[in-house]
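# Summary of the model geometry
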Amino acid sequence: MKRILPVVFLLLLGVTGFAQKDKDNIMRSIDQKEDLYSKTALDIWSYAEVGYQEYKSSEALQKVLADAGFKVESGVAGIPTAFTASFGNGKPVIAILGEFDALPGLSQAAVPEKSPIEGGIAGHACGHHLFGVASAAAAISLKDWLASSKTSGTIRFYGTPAEEGGSGKVYMVREGLFNDVDAVINWHPASVNSASPGTSLANKTGKFRFYGIASHAAAAPERGRSALDAVEAMDMMVNMMREHIKEDARIHYVITNGGTAPNVVPDFAEAYYYVRHKDNDEVKDMWNRLENAAKGAALGTDTKVEIEVTGGVYSLLPNETLAKIMQTNLEKVGGYTYTAEEKAFAEKLSTTLGKNAMSLDYTQKIMPYEMRAGSASTDVGDVSWNVPTVGLAAATWVPGTAAHSWQAVASGGTSIGVKGMMVAAKAMAITGYDLFKSPKVLEQAKAEFNAKRGTDFVYDPLLGSRPPALDYRK
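Residues numbered from 1 in each chain as written. Predicted model: local features only at pLDDT ≥ 70, side-chain atom pairs only at ≥ 80, totals over all residues. Heavy atoms only, no water.

## Describing the packing of helix α4 (residues 128-149) against helix α12 (residues 415-437)
Axes are the key here: two packed helices are described by the angle between their axes and the distance separating the axes. Counted only if it meets this: Axes here mean lines fitted to C-alpha atoms, for a helix over just the part in contact, with angles spanning 0 to 180 degrees between N-to-C directions. The helix and strand labels rest on DSSP assignments: H or I over at least four residues marks a helix, E over at least two residues marks a strand, and numbering proceeds from the N terminus. Any angle between 65 and 115 degrees counts as roughly perpendicular, while under 35 counts as roughly parallel, over 145 as roughly antiparallel, and the rest as oblique. Rotating anticlockwise by less than a right angle from the far helix to the near helix defines a left-handed crossing, while the corresponding clockwise rotation defines a right-handed one. Residue contacts follow a heavy-atom distance rule, with two residues in contact if any of their heavy atoms lie within 4.5 Å. Charged residues are taken to be Asp, Glu, Lys and Arg, nonpolar residues to be Ala, Val, Leu, Ile, Met, Phe, Trp, Tyr, Cys and Pro, and polar residues to be all remaining types, Gly included.
The N-to-C vectors of α4 and α12 enclose an angle of 40 degrees; their axes lie 8 Å apart at closest approach. By the angle between their directions, the pair α4 and α12 is classed as oblique. Read as a crossing pair, α4 and α12 show a hand that is right-handed. Where α4 approaches α12, its residues Leu130, Val133, Ala134, Ser135, Ala137, Ala138, Ser141, Leu142, Trp145 and Leu146 are matched on the opposing element by Gly417, Val418, Met421, Ala424, Ala425, Met428, Ala429, Gly432, Tyr433, Phe436 and Lys437. Tallied by class, residues from the contact of α4 with α12 come to 16 nonpolar, 4 polar and 1 charged.

Structure (structure tokens):
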């Protein structure tokens, strides 16, 4: 026994050494293509295309993947800008998600003071230009390793449009595109580096369109029926409803159309609503109450209402088996430091963050592992209830920056954003390597996944059976 133990130890050490060498090579291969990845990300940043309109952005990512040897299938799930890119054969199937849509109304130059781009209508205030490219870089590095090592398995990239309110991934899940996948890897831009597992809020969105009768508001008001009155009546009822919903629920709305002139009784008006809660069933209940409020408003104002559900996403189902592996790999990759030019940019932008500003050193750190409760929503949630899923955050913004802000757009259009993107790409790639090499980990992740979902779980999309809402941004 005394002679065997040193031999076993040396064998294990050798296996570990090979793994570290493979990981180092994978990360090096990503660095070697940094110029391509940087250019692609900044091109997509400049396109700033909103949900389901991301034609140039989707095409740019498809080209990078096709040039790298992936088989690309475009226009999947009835969405022109959605696609998959696959390489390899058989099991396991490891998926990597890539987003690329921008947000309307957040045009911004890559400078540390608020400066909208003239003629710009949208901006990458959530960093999805970096999201898609980092994910593609990770997929390409894994493809190259699979090919050179002759390892069996399939790496598949999912080009997922319209995350911002369009629920693009939900249609892809509903279409069965994830049915053969063993694990999903993704990430998100942020102001810190973290691989902690977390939850999110389930979310349902839609537009309430009211139709009335136009008339002269002074000469013949009795002949009119105001669609705007109906919108305002609905809004009032919903605001009173806030007292009677769960304390941690969220409801937000905007009036997207309230008429054209004060002296014309509006014959059309529209409100756009979001409801959120951590519990998927609670969201369904809240939405039903919204619909009742809309019907009551129409009845009380003698108007008609049409309701269109534009999106709906589940909360995130965290998987700690996978998250712990991601944490270890993110710590291996580490953070990054600023150049003198980047530091000057960051210091100036940081002054605009007020009390939310953080030490610039956070780009160098990896946040400690802990379970986090999130307050945002993402269509990754639906993926996570169908396949074991893991994610991370990387510091692509100046520390303390909020998502959906002009500061996020500005940072994401610089080398600061690219540096964070490269951290994410490497961490995802070497996590993918571990999953290809460790069938036992995939089994454990699946067991945790099944236990958390429960034996009686049946996936029922919050957006129902409607076709993709391709015009929700128009």
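## Quick word on the packing of helix α2 (residues 34-47) against α12
Interhelical geometry of α2 versus α12 gives an angle of 120 degrees and a closest axis separation of 10 Å. One element, α2, and the other, α12, form an angle in the oblique class. Read as a crossing pair, α2 and α12 show a hand that is right-handed. Contact residues: Glu34, Tyr37, Ser38 and Ala41 in α2; Val418, Met421 and Met422 in α12. In terms of residue class, the contact of α2 with α12 is built from 5 nonpolar, 1 polar and 1 charged.

## Let's talk about the side chain of Ser38
Just so we agree on the cut-off: A simple rule labels every residue: compare its accessible area, found with a 1.4 Å probe on the protein chains alone, to the largest value its type can have, and call it buried under 20%, exposed over 50%, or partly exposed in between.
You can see Ser38 is positioned in helix α2. Classification of Ser38 as buried rests on a relative accessible area of 19%.

## Re a nonpolar patch on the surface
Just so we agree on the cut-off: A patch is a set of surface residues, each over 30% in relative accessible area and not in a salt bridge, joined within 9 Å for like charges and within 5 Å for the nonpolar side chains Val, Leu, Ile, Met, Phe, Trp and Tyr. Here, Shrake-Rupley sampling with a 1.4 Å probe gives the accessible areas, and only protein chains in the shown set may cover a residue. By convention in these notes, a salt bridge is any Lys or Arg side-chain nitrogen within 4 Å of a carboxyl oxygen on Asp or Glu.
On the surface, Met236, Met237 and Met240 cluster together into a nonpolar patch covering about 310 Å² of accessible area. With respect to the element layout, Met236 can be found in helix α6 (residues 227-241).

## Quick notes on the environment of Arg250
Here Arg250 shows up in strand β10 (residues 250-257). Residue class for Arg250 comes out partly exposed when judged on its relative accessible area of 39%. C-alpha separation for the pair Arg250 and Ser375, spaced 125 residues apart in sequence, amounts to 9.3 Å. Excluding anything up to four places from it in sequence, Arg250 contacts Leu201, Tyr274, Val275, Arg276 and Met286.

## Concerning the packing of aromatic side chains
Heads up, the condition is: Side-chain rings of Phe, Tyr and Trp (the six-membered ring for Trp) are treated as a pair once their centres are within 6.5 Å; stacked means planes under 30 degrees apart, edge-to-face means over 60, and tilted covers the remaining angles.
Throughout the structure, instances matching the rule amount to 17 aromatic pairs. Between Tyr211 and Phe268, the aromatic rings sit 5.2 Å apart at their centres with planes inclined by 50 degrees, giving tilted as the arrangement. Of this pair, Tyr211 sits in strand β9 (residues 202-211) while Phe268 sits in strand β11 (residues 268-277), and the two are 57 residues apart along the sequence. Exposure remark for Tyr211: the relative accessible area of 31% places this residue in the partly exposed category. Classification of Phe268 by relative accessible area gives partly exposed; the value is 23%. Site record: aromatic cluster; members linked through ring pairs are Phe208, Tyr253, Tyr273 and Trp287.

## As for the sheet that holds β9
As a general point, the strands of a sheet are linked pairwise by backbone hydrogen bonds and lie either parallel or antiparallel. Selection criterion: If DSSP finds at least two bridges between two strands, the strands pair.
The strand order β10-β11-β9-β12 describes an open sheet built from 4 strands, whose pairing is antiparallel. Strands with a single pairing partner mark the edges of an open sheet, and in this sheet they are β10 and β12 (304-313). Between one strand and the next, the sheet's axes are offset by a mean angle of 15 degrees, whatever the strand orientation. Examined bridge by bridge, β9 and β11 share 10 bridges and lie antiparallel to one another. Counterpart to Ala202 in the pairing with β11 is His277.

## Some points on the nonpolar core
Quick note on the threshold: Put simply, buried Ala, Val, Leu, Ile, Met, Phe, Trp, Tyr and Cys residues joined by side-chain atoms within 4.5 Å make one nonpolar core.
Counting 73 residues, the largest nonpolar core has Ile155, Trp187, Met421 and Met428 as the members making the most contacts within it. It is α12 that provides the largest number of residues to this core, a total of 14 residues. Beyond its immediate stretch of four places on either side in the chain, Met428 contacts Ile96, Ala134, Ser135, Ala138, Ile185, Asn186, Trp187, Met326 and Leu392. Membership of the second largest hydrophobic core comes to 57 residues, among which are Ala202, Val275, Val283 and Met286.

Structural measurements only, silent on function.
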